[in-house]
Amino acid sequence: MRKRDFVSITDIDRDEFYEILRIAREIKADLKQGRHSPLLEKKTLAMIFMKPSLRTRCAFELGMYQLGGMATYLAPSDIGLGKRESPYDVAKNLERWFDLIMARVFQHQTVLELARFANVPVINALCDTEHPCQITADFLTVMERRGDLKNFALTYIGDGNNVCNSLILLSAILGTHIRVSSPEGYEPSSVILERAKTLFDKSGGSYLFFRDPSEAVKKTEAIYTDVWASMGQEQEAEKRKKIFEPYQVNSALISHAPQKVMIMHDLPAHRGEEITDEVLDSQNSIAFDQAENRLHAQKGVLVFLQQNYRK
Ligand code: CP
Ligand code: NVA
């Protein structure tokens, strides 16, 4: 029996993704009735954070408590992953105390190493390349809105970053039709698109790129955006503001989209940059539902990893 990890969204297949959503929805329904689901009784989660967080930390910490377990928060300054101690040594320590590990890191390689060395499941809680927990919550939110995910059409506007990469890969797994619009030099990486290609061929989904954001939003059910400078890119923020200005999700851009288009954002939002108040606070916005669903979706991931081992 081999443990499972959730380092990339491609670590799971389509049926497994639906299973995670099923668990999440069941646990969410229980919570709405005032019941906690003690599916991880006495289990423990180590939470490594090399970057700040509101949603991810709250959702994992609260999630473990509500599932009957507990979580330990390790701040960026606590363990000095890769500096004070190597990923190997950190993994070899944590596996002795904890049943699960989650890590928010810079390089994808770091979370891959933790997963390789730890004999307990490792969850990627955001790295520079992917954010699989976020998009699990996002697709749970979309499923609640439209009933299913069949032929879902999504448009991502902005930086071809970690969130965008994960949205492309999950779209490829599920058969979603995704459109992306980014300024020159900030398109999704060719490595991700290459990985997605075979999955798109299998699932029947599609990827289309548009330089002009108003073209990209014309035929879509949801418009998704994210910050222009991600954590770790703060020194580029000013330069990026000018480059990304035509990609702001504002009323003018939305006027090209279908009237009922859902507005999505993983948060934190830089209001007045990638998205205006008017759009983020509009009736079409489901950003805070996405944030709420981080709790339920991550519980789904935790329970799934505890229950599923590879032979
Ligand atoms: N969306 C998200 O991951 O939020 P945090 O950075 O606050 O965890
Ligand atoms: N792309 C953003 C997502 C934050 C949740 C970042 O990496 O900072």
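Preceding this section is the structure that the text describes.
Here goes a summary of the coordinates provided. What you see as residue numbers is a count from 1 along each chain, following the sequence as written. Here chains are named by letter from A upward and ligands by number from 1 upward, in the order in which they appear as written. Under the rules for a predicted model, residues below a pLDDT of 70 receive no local features and side-chain atom pairs below 80 are neither given nor counted, while totals for whole chains, interfaces and linings still include all residues. Side-chain measures were taken over the full set of non-hydrogen atoms in the model, leaving aside hydrogen atoms and water.

## What about the site of ligand 2?
The criterion, for reference: Each residue is tested against the molecule or strand, and it is near if at least one of its non-hydrogen atoms lies within 4 Å. Polar contacts here mean pairs of N or O atoms no more than 3.5 Å apart (in protein, one a potential hydrogen donor and the other a potential acceptor; neighbouring residues in sequence count only if both atoms are side-chain atoms). All accessible areas in this document rest on Shrake-Rupley with a 1.4 Å probe, and a residue is counted as covered only by the protein chains that are shown. Throughout this entry, Asp, Glu, Lys and Arg are counted as charged residues, while Ala, Val, Leu, Ile, Met, Phe, Trp, Tyr, Cys and Pro are counted as nonpolar. The remaining residues, Gly among them, count as polar.
Taken together, Leu 126, Asn 161, Asn 162, Asp 226, Val 227, Ser 230, Met 231, Asp 266 and Leu 267 make up the full set of residues adjacent to ligand 2. With respect to ligand 2, the side chain of Asn 162 contributes an N or O atom lying 2.8 Å from a nitrogen atom. For ligand 2, the protein covers 95% of the area, taking 270 Å² as the surface of the free molecule. Looking at the shell around ligand 2 residue by residue, the classes come out as four nonpolar, three polar and two charged.

## Focus: the packing of helix H2 (residues 55-66) against helix H13 (residues 287-307)
Just so we agree on the cut-off: Lines are fitted to the C-alpha atoms to define the axes, a helix being fitted only along its stretch in contact, and any angle between axes, read from their N-to-C directions, falls within 0 to 180 degrees. Secondary structure follows DSSP: runs of H or I at least 4 residues long count as helices, runs of E at least 2 residues long count as strands, and numbering of each begins at the N terminus. Roughly parallel means an angle under 35 degrees; roughly antiparallel, over 145; roughly perpendicular, 65 to 115; everything else is oblique. Helix crossings get a hand from a simple test, with the near helix turned counterclockwise from the far one by less than a right angle marking a left-handed crossing and a clockwise turn marking a right-handed one. We call two residues in contact when some of their heavy atoms are within 4.5 Å.
Between H2 and H13, the shortest axis-to-axis distance is 8 Å and the interhelical angle comes to 55°. As summarised for this structure, H2 and H13 are arranged oblique, according to the angle between their axes. The chirality of how H2 crosses H13 is right-handed. Along its contact with H2, which presents Arg 55, Thr 56, Ala 59, Phe 60, Leu 62, Gly 63, Met 64 and Gln 66, the element H13 presents Ala 291, Arg 294, Leu 295, Gln 298, Lys 299 and Leu 302. Along the lines of polarity and charge, the residues of the contact of H2 with H13 split into seven nonpolar, four polar and three charged.

## Observations regarding the site of ligand 1
If you check the shell around ligand 1, you find Ser 53, Leu 54, Arg 55, Thr 56, Arg 104, His 131, Gln 134, Asp 266, Leu 267 and Arg 294 and nothing else. Coverage of ligand 1 by the protein amounts to 96% of the 260 Å² it exposes when considered alone. Of the residues contributing to the shell around ligand 1, the split by class is two nonpolar, four polar and four charged.

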